[in-house]
Amino acid sequence: MNFVETIQNKEIVLIINKKIIDDKFCNKILNKIQNNKKVGLDMKKVQNICSKKFILCLLENKFKLFNLQSEVLAYLAIILKDGFLKSHISYEDFNKNKRELVKRHFVVI
């Protein structure tokens, strides 16, 4: 299975068990989420993102990310202009809406 879904109160958490997120997988994620619930993706195992649709969903705040690997975090922060990537360090932070990583700026030298 590509992800495990858990539903608690007003939030859906999808634990991603794939190394690469592509458009096909992004469609599976979008089919599982509901618009009225808070959605979080546990990105602990994700190493690469090859999906324009996934990036557009991040820009539209359809879901939030947590447990990102540093390489994926840096990649997303670079391609998303002006620090629009909103992610959390852990599930607890996502659940309590604390310690959100926003407004990161990288300079390539």
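Described below are features of the structure shown in this document. Everything numeric in this text was worked out from a predicted model, so none of it was measured.

Things to note about the pattern of salt bridges
Two side chains bearing opposite charge may form a pair once their charged atoms approach each other closely. In this structure the tally under the stated criterion is one salt bridge. Measuring nitrogen to oxygen at the nearest pair gives 3.5 Å for the salt bridge that ties Lys 62 to Glu 60. Taking the relative accessible area as the measure of exposure, Lys 62 reaches 38% and is therefore partly exposed. A relative accessible area of 51% means that Glu 60 is categorised as exposed.

Quick word on the side chain of Asp 42
Mapped onto the elements of the fold, Asp 42 is located in strand E4 (residues 38-42). This buried residue, Asp 42, is left without a salt bridge; Lys 44 holds the nearest opposite charge, at 4.5 Å. Polar contacts involving the side chain of Asp 42 include one to the main-chain amide nitrogen of Lys 44, which spans 3.2 Å. In terms of polar contacts, Asp 42 uses its side chain to reach the side chain of Asn 67, at 3.2 Å.

Section: the packing of aromatic side chains
Scanning all chains against the criterion turns up four aromatic pairs. Joined through ring pairs, the aromatic side chains of Phe 66, Tyr 91 and Phe 94 make up one cluster. The ring of Phe 94 has Lys 38 lying over it, and the distance from NZ or CZ to the ring centre is 4.5 Å.

Things to note about the environment of Ser 51
Among the structural elements, Ser 51 can be located in the loop between strand E5 (48-50) and helix H2 (52-59). On the accessibility criterion, Ser 51 (5% relative accessible area) is buried. The spatial distance from the C-alpha of Ser 51 to the C-alpha of Ile 20 is 9.2 Å, given a sequence separation of 31 residues. Other than its neighbours up to four places away in sequence, Ser 51 contacts Ile 21, Asp 22, Asp 23 and Cys 26. Engagement of the side chain of Ser 51 in a polar contact is seen with the side chain of Asp 23, the distance being 2.5 Å. One polar contact links the side chain of Ser 51 to the main-chain amide nitrogen of Phe 54, over a distance of 3.0 Å.

Here is what the cut-offs are and how they apply
- Residues numbered from 1 in each chain as written.
- Predicted model: local features only at pLDDT ≥ 70, side-chain atom pairs only at ≥ 80, totals over all residues.
- Heavy atoms only, no water.
- Salt bridge = Lys/Arg side-chain N within 4 Å of Asp/Glu carboxyl O.
- Buried < 20%, exposed > 50% of the residue type's maximum accessible area, 1.4 Å probe, protein only.
- Helix = DSSP H or I, 4+ residues; strand = E, 2+ residues; numbered from the N terminus.
- Lys, Arg positive; Asp, Glu negative; His and termini not counted.
- Polar contact = N/O pair within 3.5 Å; in protein donor to acceptor, adjacent residues only side chain to side chain.
- Phe/Tyr/Trp six-rings, centres within 6.5 Å; stacked < 30°, edge-to-face > 60°.
- Lys NZ or Arg CZ within 6 Å of the ring centre and 35° of its normal.
- Contact = heavy atoms within 4.5 Å.

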